[in-house]
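# Overview (structure and organization)
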Amino acid sequence: MSNSKVIVLAEIPVKPEFLQEVKAISAKALIPTLQEEGVETFYQTVKNDDPNTLVFFEVFKSQQALDEHLAANYTKEFFAAVKDKVSGKPVSSILSEL
């Protein structure tokens, strides 16, 4: 099934000593993200069995919408602010609807 939506599942392992700070940085970036025209949904969650791993579930209307999100200053500021606070490499998966 062809669909122009872009669905992203991102996992960010965070050093425990920075978890609350990274959660606050994430919450701050979420506010303008949800105002983007191309964002259908954007959930920030944590794994129940690993609360130091943030899991973001993101749905964008198109690849262009995702590209605009990644180019936004607040997105760049988020990545810069958390880069030294992660405990491993963040992993993003692009998903498709069935």
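The following refers to the structure shown. (Residues numbered from 1 in each chain as written. Predicted model: local features only at pLDDT ≥ 70, side-chain atom pairs only at ≥ 80, totals over all residues. Heavy atoms only, no water.)

## Some words on the packing of helix H2 (residues 63-71) against helix H3 (residues 73-82)
For clarity, the cut-off: To obtain each axis, a line is fitted to C-alpha atoms, and for helices this fit is confined to the stretch in contact; angles are then taken between N-to-C directions over 0 to 180 degrees. Starting at the N terminus, helices and strands are each numbered in turn, a helix being any DSSP run of H or I of at least four residues and a strand any DSSP run of E of at least two. Comment on the angle field: the value is read as roughly parallel under 35 degrees, roughly antiparallel over 145, roughly perpendicular from 65 to 115, and oblique elsewhere. Contacts: residue pairs with any heavy atoms within 4.5 Å of one another. Only Asp, Glu, Lys and Arg are considered charged in this grouping, and only Ala, Val, Leu, Ile, Met, Phe, Trp, Tyr, Cys and Pro are considered nonpolar; every other residue, Gly among them, is considered polar.
Contact pair H2 / H3: the axes reach a minimum separation of 5 Å and the direction vectors enclose 60°. By the angle between their axes, H2 is oblique relative to H3. Every residue of H3 that contacts H2 at His69, Leu70 and Ala71 is listed here: Asn73, Tyr74, Thr75, Lys76 and Phe79. Taken together, the residues of the contact of H2 with H3 break down into 4 nonpolar, 3 polar and 1 charged.

## Re the pairing of strand S2 (residues 39-47)
To be explicit about the condition: One bridge is not enough; two strands pair if DSSP finds at least two bridges between them.
In this structure, S2 lies alongside strand S3 (residues 50-60), joined through 8 bridges in antiparallel fashion. In the sheet register, Thr45 faces S3, and the bridge partner there is Val55. Where S2 hands over to S3, the hairpin turn is made up of 2 residues, counted between the paired strands.

## A short note on a nonpolar patch on the surface
Put simply, the rule is: Each patch groups residues whose relative accessible area exceeds 30% and which form no salt bridge, using 9 Å between like charges and 5 Å between nonpolar side chains of Val, Leu, Ile, Met, Phe, Trp and Tyr. Each accessible area is a Shrake-Rupley result for a 1.4 Å probe, and residues are judged covered by the shown protein chains and nothing else. The salt bridge definition used is simple: a Lys or Arg side-chain nitrogen within 4 Å of an Asp or Glu carboxyl oxygen.
A surface patch of nonpolar side chains, amounting to about 270 Å² of accessible area, comprises Tyr43, Phe57 and Leu95. Mapped onto the secondary structure, Phe57 falls in strand S3.

## Notes on the packing of aromatic side chains
Let me state the cut-off plainly: Only rings of Phe, Tyr and Trp enter the pairing, Trp through its six-membered ring, and a pair is recorded when the two centres are within 6.5 Å. The plane angle decides the type: under 30 degrees is stacked, over 60 is edge-to-face, the rest tilted. Here, over-ring charges are defined by two tests on the NZ atom of lysine or the CZ atom of arginine: distance to the ring centre within 6 Å, and angle to the ring normal within 35 degrees.
For the structure on display, the rule yields 3 aromatic pairs. Ring centres 6.1 Å apart and planes at 45° place the aromatic pair Phe56 and Phe78 in the tilted group. Of the two residues, Phe56 sits in strand S3 while Phe78 sits in helix H3, which places them 22 residues apart along the sequence. Geometrically, the ring pair formed by Phe78 and Phe79 is edge-to-face, given 5.4 Å between the ring centres and 65° between the ring planes. Ring pairs connect the aromatic residues Phe42, Phe56, Phe78 and Phe79, which therefore count as one cluster. Between the NZ or CZ atom of Lys85 and the centre of the ring of Phe18, over which it lies, the distance is 5.4 Å.

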